[in-house]
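Remarks on the overall topology
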Amino acid sequence: MSRTIKLDTIKKCIPLILILILSMSCDAPRSRRPIAADKNTTVGSLPTFSGFGSTESGNTNNNNNNNNNNNNNGGQTPGSGSGGQSGSGSPSGGIPSEVSHCQWSADGVSGYQSNHTVFGPYNLCKSRVTETDIFIQLKNPVNDATVCAIPTTSSNNSSTYIGEPRCVWATNSKAIYKISLVKNRVGYGGYSMTGVMIMKDKQEWFPAPYYQYMLVPDAYLFCMEYLALNGDKSYCYAFNIMGKFISVTF
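Scope of this entry: the structure provided in the associated data block.

What counts, and where the lines are drawn
- Residues numbered from 1 in each chain as written.
- Predicted model: local features only at pLDDT ≥ 70, side-chain atom pairs only at ≥ 80, totals over all residues.
- Heavy atoms only, no water.
- Patch = residues over 30% accessible without salt bridge, like charges linked within 9 Å, V, L, I, M, F, W, Y side chains within 5 Å.
- Areas by Shrake-Rupley, 256 points an atom, 1.4 Å probe, with all protein chains shown as cover.
- Salt bridge = Lys/Arg side-chain N within 4 Å of Asp/Glu carboxyl O.
- Helix = DSSP H or I, 4+ residues; strand = E, 2+ residues; numbered from the N terminus.
- Buried < 20%, exposed > 50% of the residue type's maximum accessible area, 1.4 Å probe, protein only.
- Disulfide = S-S within 2.5 Å.
- Phe/Tyr/Trp six-rings, centres within 6.5 Å; stacked < 30°, edge-to-face > 60°.
- Core = buried A, V, L, I, M, F, W, Y, C linked by side-chain atoms within 4.5 Å.
- Contact = heavy atoms within 4.5 Å.

This paragraph deals with a nonpolar patch on the surface. On the surface, Trp 205, Tyr 211 and Tyr 213 cluster together to form a nonpolar patch covering roughly 410 Å² of accessible area. Structurally, Trp 205 can be placed in strand β10 (residues 203–206). Take Trp 205: its relative accessible area is 40%, and that puts it in the partly exposed class.

Structure representation (structure tokens):
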């Protein structure tokens, strides 16, 4: 009798245990998510998905981004002074020399080279000094979430990620925000960074096969890991349909 009661109690607790595990997995630090090792993945083998980028409009080929490791309101404002890293307080300085070849807005109103359905007008530029540094400028400030960048590599019109997301608060339309990315996905350190995925670190509802709310960067990483492990593109198709990202090839 006691054994039956214990088994029934354990069975009743299983759903609660699963909920706790899922909730813990959703609380990973936004700027440093763990990167899983893909099964049978080595340099030269790319589990890729070719659909990303269909929601973007505008020309980004001449734009580059800088990345910031800190979730602060820093940045650089075109106009005067010398450039510096974002995340150091109020926007100051001018256009960094490593991205002076790209187009930037001086007034936060005009001078944006590209446009996106979710983010609106923006400028994006890759550093000509450091491969993994990008800079971004958004006409429409984002106040409800950080803006994250994920480094990617491409082959034959397909792409996959090569490092974890790095995020920054982009709350000033005149500021140029730097994001310093890393190539730390297991088995992908030897690849060149040929592109970047930009998305808000914000919860969105994702349809089948997700059937749940997820932070957008987590949904992207899950689809790519699932594709690499199982060869199933269904999650990536669902992620792509939502269009909550900018996909840029340099």
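Next up on the list: the state of the cysteines. Taken as a whole, this structure holds 3 disulfides when the rule is applied. With its sulfur 1.9 Å from that of its partner, Cys 102 forms a disulfide with Cys 125. A torsion of 50 degrees about the S-S bond marks the disulfide between Cys 102 and Cys 125 as right-handed. Here Cys 125 lies in strand β3 (residues 120–126) and Cys 102 lies in the loop between β1 (56–58) and β2 (114–116), a separation of 23 residues in the sequence. Of the two residues examined, Cys 102 and Cys 125, each falls in the buried class.

Another point: the pattern of salt bridges. In a structure, side chains of opposite charge can pair up when their charged atoms sit close to one another. In this structure the tally under the stated criterion is 5 salt bridges. We note a salt bridge from Lys 178 to Asp 133, for which the minimum N-O separation is 3.6 Å. In this pair, Lys 178 is assigned in strand β8 (residues 177–180) and Asp 133 in strand β4 (residues 133–138), connecting sequence segments 45 residues apart. Look at Asp 133 and you get buried, because its relative accessible area is 7%.

To continue, consider the packing of aromatic side chains. Two numbers describe a pair of aromatic rings. These are the distance of the centres and the angle of the planes. This model, assessed by the stated rule, comprises 12 aromatic pairs. For the pair Tyr 161 and Tyr 220, a centre-to-centre distance of 6.2 Å together with 65 degrees between the ring planes defines the contact as edge-to-face. Taken as a pair, Tyr 161 in strand β6 (residues 158–161) and Tyr 220 in helix α2 (residues 216–230) lie far apart in primary sequence, 59 residues in all. When its relative accessible area of 1% is taken as the criterion, Tyr 161 is described as buried.

A few words on the nonpolar core. Buried together is how nonpolar side chains tend to be arranged in soluble globular proteins. Leu 124, Ile 134, Leu 138, Val 196 and Ile 198 are the most contacted members of the largest nonpolar core, which totals 23 residues. Elements represented by at least two residues in this core include exactly β3, β4, β5 (147–155), β8, β9 (195–200) and β12 (245–249). Residues within four places of Val 196 in sequence aside, it is in contact with Leu 124, Ile 134, Ala 149, Ile 150, Thr 152, Leu 181, Ile 246, Ser 247, Val 248 and Phe 250. In terms of nonpolar packing, the next biggest core, distinct from the first, is built from 21 residues, Phe 52, Tyr 161, Met 199 and Phe 206 among them.

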